[in-house]
Structure formats: structure tokens, C-alpha cells
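Analysis of the macromolecular model
The chain contents come next:
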Amino acid sequence: MNILITGILLSGTYALIALGLTLQYGVARIMNLGNGETLVAACFVAFWLYTGFAINPLVGLLLIAPGAFLINLVIYLVALQPLVKRAKNRGQLEVDSILATFGLLFLLQGLMIVAFGGEYRSYTFLAERFDILGNSYGLNRIVAFVAAAAIAGALWFFLYRTRQGTAMRAVAVDPNSANLVAIDVARTAAIAFALGGALTACGGALISTFYTFNASMGVIFTMKALIIVIMGGVGDIRGAILAALILGISETLVASLIDPGLTLAATYALFILVLLFRPQGIFGRAPT
Amino acid sequence: MTPFTNDELKWLGAGAILFAVAALLPLVDQGFYLSLSVNIMLYAALCTAWALFSGPTHYVSLATAAFYGLGTYTVGLGIDAMPYPLLLAIAALIGAALAGLVGAATLRISGVYFVIFTFGLAELVRQLVTWTQTKFATAIGLYVFTDLFEQHIYWMLVALTAAVFLTAFLINRSRLGFAMQIIGNDETVARHVGIDTARSKIVLFMISGAFIAVAGAIMAPRYSYIEPPSAFNPMISFLVVIMALLGGTKRLWGPLVGVIPFTILMDQVSARFPNHTMIVIGLAFLAIVYLIPNGVTGLLEQARARWKARAARMGQEKAA
């Protein structure tokens, strides 16, 4: 039970990061491998706001999310949109975007290492006990989970209850047809990419409240987010949330029952199962 | 097998002479240049083996470090029990087996899954190796003591690179190579003319993986102390991708064009600005995508095509 709840709490932030990636890949068609660096940057900004200006990380989200939105919008317009225009087919865009975001990954990571050094950092925020069903958990983890759930709920509302969100889902299904019903595909894709970056940054700011972070840990989070996205099916919100839950719980299970050094192995075992049995994602339909 | 044409024989002869000249280097210098050349030869072998698979398929494989580390570990674990040449053969088998497993899981589906899977593969293998070692053995590191010196390693790498080149050359003129060409151009067409696309890709990936594992096994005596973080260094995978794409993967010798300058550049950067290696790698990736998408050989070929077109136009004008 203890493991289950820890796993669920962990999965809240995983879900946010994966939702960011699934928007970027599902709608904007950019496989953003530098996604983890957005997360780490958000960790550092949250750290800086809290230690430097005593700004509560939850309030800091109000600064971090719009900031990440703008930065990701600029990255998309400057660096990635030319690739979208240049690509002759989907495969070409995939290879180009993978290589370009690798470049971004290393560039950002290198800049952060130069700026902040390689050591681990953390700060104490709400490190109090909170009891659920007789076991105690860190209050910061619970707050992070609730905040993540609220943000995911807001995203769901946006995508399923507003015109803009519906347009975004239409582009995810088929950009060419979306164009025919008067949706500005290029603009929608740019906004989806920026929104994805903002979500990931929120995940990063929340993670920094209970996790020690350093400048080079982004890749691991990108990896996990990618696997969640594929498990859930590209562009699928429900799938991503369910996959994040499965990943968070199985990771906590392996870490507490077998060995904390094997969490990635657990992730990969899930990944292989998905590839072998449901490559289209948990809720995905087989391509006809 | 079809007999060699005159042109092909010329290329083979020129290649043999070049490798023979390269093998003479340890007689000239035993210090800095030899050690730099070991790195160049290593990456020449790795990049050509990488391009063997990733060139025609356009699948960016990041599994290099996993194969390389497994090769190193094979030697580390077996050096006290078995003769070294046997270990090289075992490393090749292990590399091929891992490539076969990864290929069977991912290459039947789309290319993105393959990239993502190989992205974390080295880290996965590293975790498994570390875990088994802490569980079943006492120490995490391994010592490798042999009577092989730098020049022996260099000669072995030259031989390996030559073997990779020869294999790639033979594959290119075989049925498998022809099949890969069609798959690379249009996979749907390939399937419709009766090519088993998944099988061809898996076989090619296994050959590539085996060569990379052997390269790791050859390098093991140079490290003398092997531990998981250095053997499964993910940087190896990324450097190989950059160098191969920088040179260009359309021609057999393309990766070589990227390997030589970039190895020297990385050597200088890591010696003088160790904190900035990441930034250099990031810029290199961006340069490849935005400035030279077809690699240096692509640029050369474009220039040659333009020059030929101009020569042809001049000829016409003269005739008229």
C-alpha cells in the first residue's frame, strides 16, 4: 500500500512531463529529445526563485509556465519550423527533428553545466509529515501531486471543451484535413509545442520541491517521458496519464523490492512489453 | 557472386595500399601521434560500422555504447580464463545477439521506436551489469592485464577497420545491399517487390553490432581498469553519430571524412576546455542539421555535379 501510494504520487509529475512531450510530438510532430532540459531549467529557476527571493514554488509556477511557453515558442519558430517546411515527408522530419533536438539537448545541458556546475542541488520546501492510511509521506510530494493533477485537469478542459483545444486535437489526427476545415495548422502546431514546453516546465518546478537535481539529469526524464508517451499512444491524454501511473508504480515497486539501481530496467521491461503487444498504445486502435 | 569489375578491383587495390600505409605509423611515432591515431582508427571502425546500418535505413542508432561496453566487458571477464583471440570472437557473437534482440523488438515497427529504444540501451545494459556485479561478485571494476601495447591495439584496429570496409563493400554488391538500397528509398515499394524488410534490417544491424563489440574488446587492454560508467559511456554513441553524419553516409568512405577532423577537434577541446565539450557537441548536431544535411561528401558531390554541368555547358557553347 505504501509502495502504491508513493508510486502514484511520483506518477503525477511524470504525467505532466509526458503530457508536454505528447503535445509536442503528437500535434507539432517534433520528437523533442531536449524536453528533459526544459525540465531541468525549470528546476533551477524554481530553486533560484525560492532561495533568492523566497518565492513559493507554487507561486513560481505562474512565472515559470509563461516563461517556458515563450522560450519554447521562440525555439519552435526559429529552429524547428524551418525543418517542418523543408521536410519532404514524415520520416525526413523525424530524423531532422531528432538530430536538431539532440543539438538543443547538448547545447542547453552544456550551458547549464557551465552556469550552475555539475553538482546536485535541492532545497527544503514543505518537508513535513502527512499521514495517509497510517503511513506518512512528505507533504511536498502530496502538494506536487495535487498541483500536477490540477494542471492536467486544466489541460483536459482546454483540449476537450474549447475551440482552440479542439483544433489542436484535429491537427494531431490529420494535419492535411485540419487545413481543409480552416484550421491554421502552422500556428496551432507552434502553440502546441510551446504549451508542451510549459507543461514540462511545470513538471520540473514541481519535481524540484522534493527531488535533488543536477544539470545533467534531463536525459533520464526525457527517456521516461518518451516511454510513457509511447505506452499511452502518441497524442493521447488519457493514455499518457494511465501510462504514467503504471510507470510510477512499477518503478517504485522495483526500487523498494529489488534494487534502486534497476529503475531504468523496470521502465524498459514495460517498454518491451508495449512494443511487443500494443505498439499503438494502451488505448490506441490498430492502424487499418 | 558476380565477378569484380575493373573499377571495383582498382578501388580494392587502392584501399589495400592505404591500409598498409596506415599500418606503418607505429614505426614512425610511438607517443602522441600514435595515441591520437588509435582514437582515429577506433572511431573510423565504429563510424563505418554504424553507417553500415544507419546509412541506408536512416535510423539513428544510439546503441553504439551498449555494444562497445559489452565487448569491453567480455574481455574484462574472460581475460584470465580464455585466450584473447577467442574473446574477440565471443564479443562479436554477444554484440550480434544483442543487436538481434533489439532489432526483433523494434525494427518490425516504425523507426522512431528504434531510436528511442537505443537511446537508453547503453544505460540499461550498464544498470544490469552493475547490478549483477554487485549481486554476484565482490568488486565493480575489473582489471585487464595483457602484454599488448599501444601499437598492437593500433594494428588490430587497422585490421578491424579494413574488415569493416571490406564487409561493407561486399554487402553493397550483394542481394542484401540491393535490398537495403530499395528499403532506404521507399520501404513500401521494398515490401511490394517481396523483400523481407524486417529481416534484412535485423541482419544488417547484427553485423554492425558485432563489429562495434569487437572494437570494444580490442580497446579493453588499453583501459586496464574497466568499470561500468567508463565502458558504457553514452558519449561514444553520440560522437559516432556526429562524426558519421558530418562525413556523410552515402559513400563508404564518407564517415572517415568526419572522423579525422572531429577526433582531433574533440581531443583539443577536452584538453583545453573540458567544461565546454557538451556545447561543442550540441553545436555540431545543429550544424549537421542546418548547414550540411548530407555531410561533407554530400557537399563535395554537389560541387562536382555543378562543375560537370558547367563543363558540359561550356562544351556546348564551344560546339555552337
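Residues numbered from 1 in each chain as written. Chains lettered and ligands numbered in written order. Predicted model: local features only at pLDDT ≥ 70, side-chain atom pairs only at ≥ 80, totals over all residues. Heavy atoms only, no water.

**Digging into the overall build of chain A**
Condition: Each helix is a run of DSSP H or I of at least 4 residues and each strand a run of E of at least 2, with the numbering of both proceeding from the N terminus. Atoms counted for the radius of gyration: C-alpha only. Globule rule: 2.2 Å times residue count to the power 0.38.
If you tally the helices and strands in chain A, you get 11 helices and two strands. When the helices and strands of chain A are placed in sequence order, the string is α-α-α-α-β-β-α-α-α-α-α-α-α. For chain A, whose C-alpha radius of gyration is 18 Å, the value lies close to the compact-globule estimate of 19 Å for 288 residues. Taken along the three principal axes of its C-alpha coordinates, chain A extends 55 × 45 × 35 Å.

**Brief notes about the interface of chain B and chain A**
Threshold: The contact criterion used throughout is that any non-hydrogen atoms of two residues lie within 4.5 Å. When two components associate, each loses some accessible surface as probed by a 1.4 Å sphere; the sum of these losses over both components is called the buried area. Think of a salt bridge as a Lys or Arg side-chain nitrogen and an Asp or Glu carboxyl oxygen that are within 4 Å of each other. Whenever a nitrogen or oxygen atom comes within 3.5 Å of another N or O atom, the pair is scored as a polar contact, on the condition that within protein one atom can donate a hydrogen and the other can accept it, and that pairs from neighbouring residues in sequence are kept only if both atoms are in side chains.
On the chain A side, the residues contacting the 36 residues of chain B number 42 residues. Taking both sides of the interface into account, the surface hidden between chain B and chain A amounts to around 3,300 Å²; carbon and sulfur atoms contribute 81%. Put simply, chain B and chain A have zero salt bridges between them. Scanning the region where chain B abuts chain A turns up five residue pairs in polar contact (both at pLDDT 80 or more). When contributions to the side of chain B that touches chain A are tallied by element, the ones reaching two or more residues are α5 (84-106), α6 (111-136), α12 (235-247) and α14 (277-290) of chain B. A total of 13 residues in the side of chain B that touches chain A trace back to one element, the largest contributor, which is α6(B).

**Some remarks on the nonpolar core**
Put simply, the rule reads: We define the nonpolar core as a collection of buried residues of types Ala, Val, Leu, Ile, Met, Phe, Trp, Tyr and Cys that are connected through side-chain atoms lying within 4.5 Å of one another. Think of it in three bands: residues with accessible area under 20% of the maximum for their type are buried, residues over 50% are exposed, and the middle band is partly exposed, with areas taken using a 1.4 Å probe on protein chains only.
Grouped together as the largest cluster of nonpolar side chains are 197 residues, with contacts concentrated most on Phe102(A), Tyr43(B), Leu46(B), Leu121(B), Phe205(B) and Phe285(B). Residue contacts for Phe102(A): discarding those within four places in its chain leaves Leu33(A), Leu62(B), Phe119(B), Phe238(B) and Phe285(B).

**A closer look at unusual backbone geometry**
Its identity is not glycine, yet Ala182(A) carries a phi of approximately 65 degrees, on the positive side. In this structure, Ala182(A) sits in the loop between α7 (175-180) and α8 (185-207). The backbone phi angle of His58(B) is positive, close to 65 degrees, even though this residue is not glycine. Checked against the element boundaries, His58(B) lands in the loop between α3 (32-57) and α4 (64-78). Take His58(B): its relative accessible area is 43%, and that puts it in the partly exposed class.

**What about the confidence of the model for chain A?**
Inclusion rule: Confidence scores here are pLDDT values: one per residue, from the predictor, ranging 0 to 100.
When the pLDDT values of chain A are averaged, the result is 81; 93% of them are 70 or greater. The lowest-confidence element of chain A is strand β1 (residues 129-132) of chain A, averaging 66 in pLDDT; the highest-confidence one is α8(A), averaging 87.

**Thoughts on the environment of Leu34(B)**
Residues and elements named next belong to chain B. Inspection of the secondary structure assignment puts Leu34 in helix α3. Residue class for Leu34 comes out buried when judged on its relative accessible area of 0%. Each C-alpha atom, one on Leu34 and one on Phe149, is 11 Å from the other, the two residues being 115 residues apart in sequence. For Leu34, the contacting residues outside a window of four places in its chain are Leu25, Pro26, Asp29, Glu150, Gln151 and Tyr154.

**Here we look at α8(A)**
Counted only if it meets this: A helix is expected to span 1.5 Å multiplied by its residue count minus one.
With 23 residues, α8(A) should cover 33 Å at 1.5 Å per step; its first-to-last C-alpha distance of 33 Å lies within 8% of that length. Within α8(A), 20 of the 23 residues are buried, which leaves it mostly tucked inside the rest of the structure.

**Quick notes on the pattern of salt bridges**
In the structure shown here, the tally under the stated rule is two salt bridges over all chains. Residue Glu251(A) is joined to Lys224(A) by a salt bridge in which the shortest nitrogen-to-oxygen separation is 3.5 Å. Taken together, the residues span a long stretch of sequence, with Glu251(A) in helix α10 (residues 237-257) and Lys224(A) in helix α9 (residues 218-232) at a distance of 27 residues. Residue Glu251(A) is classed as buried on the basis of its relative accessible area of 5%. Residue classification places Lys224(A) among the buried residues on the basis of a relative accessible area of 7%. Among the ionic pairs, Arg126(B) bridges to Glu123(B), the shortest N-O distance being 2.9 Å. Note that Arg126(B) and Glu123(B) are positioned in helix α6 at a spacing of three residues, about one turn of the helix. With a relative accessible area of 22%, Glu123(B) lands in the partly exposed category.

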